[in-house]
Amino acid sequence: MKLGLVTAFHGRENLTRMWCEHTKQFGLPIYGGITEGQYLKGREKIATLRWMPNNPVGAKFNAALALAMEDGCAAVMILPSDDFISQEWVDVSIE
């Protein structure tokens, strides 16, 4: 089963950078809806992104979910872009 991580990014460049660096360690694909015009230097190497307006924020999550489904994910974990998960959290999610 392919598990993907789905999130939405908006502003907070330093937090977004830390979140991406932390989350990539789990080896799961990351799909993100991102506010149009937001600059995420190097994040395109970590996450598959789709640019969307920030309002409504749900549209960004839906865009990321669509990316995950297009990529063949059978399951997704929806994460706010400021929630730092642990390996134990991932392990429980894929059991």
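Since this is a predicted model, take the numbers as computed values, not measurements.

Visitor: What's the story with the overall build of the protein chain in this structure? I'm lost.
Guide: Across its full length, the protein chain holds three helices and four strands. Start at the N end of the protein chain and walk to the C end: the helices and strands fall as β-α-β-β-α-β-α. Expressed as a percentage of the 95 residues in the protein chain, the buried residues total 38%. For the protein chain, long-range pairs separated by at least 24 residues make up 65% of all intrachain contacts whose partners lie at least 6 apart in sequence. Element-wise, carbon and sulfur atoms account for 56% of the exposed surface of the protein chain, whose accessible area totals about 5,300 Å².

Visitor: Explain the nonpolar core here, please?
Guide: Most often, soluble globular proteins keep nonpolar side chains buried together rather than apart. Residues Leu5, Phe9, Trp19, Leu28, Met77, Leu79 and Ile85 are the most contacted members of the largest nonpolar core, which totals 15 residues. The set of elements that each furnish at least two residues to this core consists of β1 (3-9), α1 (13-23), β2 (30-35) and β3 (47-52). By size, the runner-up hydrophobic cluster in this structure holds six residues, among which are Ala64, Leu67, Ala68 and Cys73.

Visitor: Is there a simple way to explain the environment of Thr48 in this structure?
Guide: Mapped onto the elements of the fold, Thr48 is located in strand β3. Each C-alpha atom of the pair Thr48 and Tyr31 lies 4.8 Å from the other, and the pair is 17 residues apart in sequence. Apart from the residues within four sequence positions on either side, Thr48 is in contact with Ile30, Tyr31, Gly32 and Leu67.

Visitor: Mind showing me how you'd approach helix α2 (residues 57-70) here?
Guide: Because the α-helix completes a turn every 3.6 residues, residues three or four places apart line up on one side. The end-to-end C-alpha distance of α2 is 20 Å, a good match for the 20 Å that 14 residues give at a rise of 1.5 Å each. Among all positions in α2, only Lys60, Ala63, Ala64, Leu67 and Ala68 are buried. Mapping the buried residues of α2 onto a view down its axis gives an arc of 140 degrees, with all of them on the same face. Those residues of α2 that are exposed and aimed more than 90 degrees away from the buried face are Asn62, Met69 and Glu70. The first or second residue beyond α2 is Gly72, which carries a positive phi of 90 degrees.

Visitor: Just checking my understanding: could you explain the pattern of salt bridges for this structure?
Guide: Side-chain pairing between opposite charges can occur once the charged atoms of the two side chains come close. Enumeration according to the criterion identifies two salt bridges in this entry. The closest approach of N and O atoms between Asp71 and Lys2, which form a salt bridge, is 2.9 Å. In this pair, Asp71 sits in the loop between α2 and β4 (75-78) while Lys2 sits in the segment before β1, placing the two residues 69 residues apart along the sequence. By relative accessible area, Asp71 is classed as partly exposed at 38%. The exposure class of Lys2 is partly exposed, given its relative accessible area of 32%. A salt bridge links Lys24 to Glu21, with the nearest nitrogen and oxygen atoms 3.1 Å apart.

The rules behind these values
- Residues numbered from 1 in each chain as written.
- Predicted model: local features only at pLDDT ≥ 70, side-chain atom pairs only at ≥ 80, totals over all residues.
- Heavy atoms only, no water.
- Helix = DSSP H or I, 4+ residues; strand = E, 2+ residues; numbered from the N terminus.
- Buried < 20%, exposed > 50% of the residue type's maximum accessible area, 1.4 Å probe, protein only.
- Contact = heavy atoms within 4.5 Å.
- Areas by Shrake-Rupley, 256 points an atom, 1.4 Å probe, with all protein chains shown as cover.
- Core = buried A, V, L, I, M, F, W, Y, C linked by side-chain atoms within 4.5 Å.
- Expected span 1.5 Å × (residues − 1).
- Arc of directions from axis to C-beta.
- Salt bridge = Lys/Arg side-chain N within 4 Å of Asp/Glu carboxyl O.

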